[in-house]
Amino acid sequence: MPEDSPGRSPAGDKLDDEDYPAYSMGRAAEILGVTQAFLRSLDNAKLLTPGRSEGGHRRYSRYQLRLAARARELIDQGTALESACRIIILEDQLAEARRINTELQHTHRPSMDGSGPTPG
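The rules behind the values
Residues numbered from 1 in each chain as written. Predicted model: local features only at pLDDT ≥ 70, side-chain atom pairs only at ≥ 80, totals over all residues. Heavy atoms only, no water. Axes fitted to C-alpha atoms, helices over the stretch in contact; angles between N-to-C directions. Helix = DSSP H or I, 4+ residues; strand = E, 2+ residues; numbered from the N terminus. Parallel < 35°, antiparallel > 145°, perpendicular 65-115°, else oblique. Left-handed = near helix turned anticlockwise from the far one by under 90°. Contact = heavy atoms within 4.5 Å. Core = buried A, V, L, I, M, F, W, Y, C linked by side-chain atoms within 4.5 Å. Buried < 20%, exposed > 50% of the residue type's maximum accessible area, 1.4 Å probe, protein only.

**Student:** Help me get a handle on the packing of helix 2 (residues 25-32) against helix 4 (residues 62-76), residues and values and all.
**Tutor:** Where helix 2 contacts helix 4, the axes come no closer than 10 Å and their chain directions differ by 50°. The angle between helix 2 and helix 4 places the two elements in the oblique class. Our pair here, helix 2 against helix 4, has a crossing hand that is right-handed. Facing helix 2, whose interface residues are Ala28, Ile31 and Leu32, helix 4 presents Leu65, Ala68, Ala69 and Arg72.

**Student:** I'd love a proper account of the nonpolar core, names of residues and values included.
**Tutor:** Leu39, Leu42, Leu47, Leu48 and Tyr60 are the most contacted members of the largest nonpolar core, which has 19 residues in total. Where this core is concerned, the elements lending two or more residues are helix 2, helix 3 (36-44), helix 4 and helix 5 (81-107). The element best represented in this core is helix 4, accounting for five residues. The contacts of Leu48, once residues within four sequence positions are left out, are Leu42, Asp43, Tyr60, Gln64, Leu67 and Ala68.

In structure tokens, the structure reads:
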């Protein structure tokens, strides 16, 4: 739907955006089943950099909640906080590299009739 369509609302765009900081610290902790101190520890470890409300309160996105959930999973398995954060960062980098690789394969694949770009 185009941005200026009558049925499209800016709030809907924000709710669809996985990077929009929609969740307060309390709500994020509740969703994840963790303490607010755990979320602060992920911030201190530089795994998450939450947004801030006008009042300065931490706000988390769905993407950040997924990272925090993964951190909790690793820590619950006995992984140290710093190690868990490093693993998550590497997993995230690998996923992004794979996404870019797939995208490049699709955009640079020669066509079947031979009229596409030639490797070189």
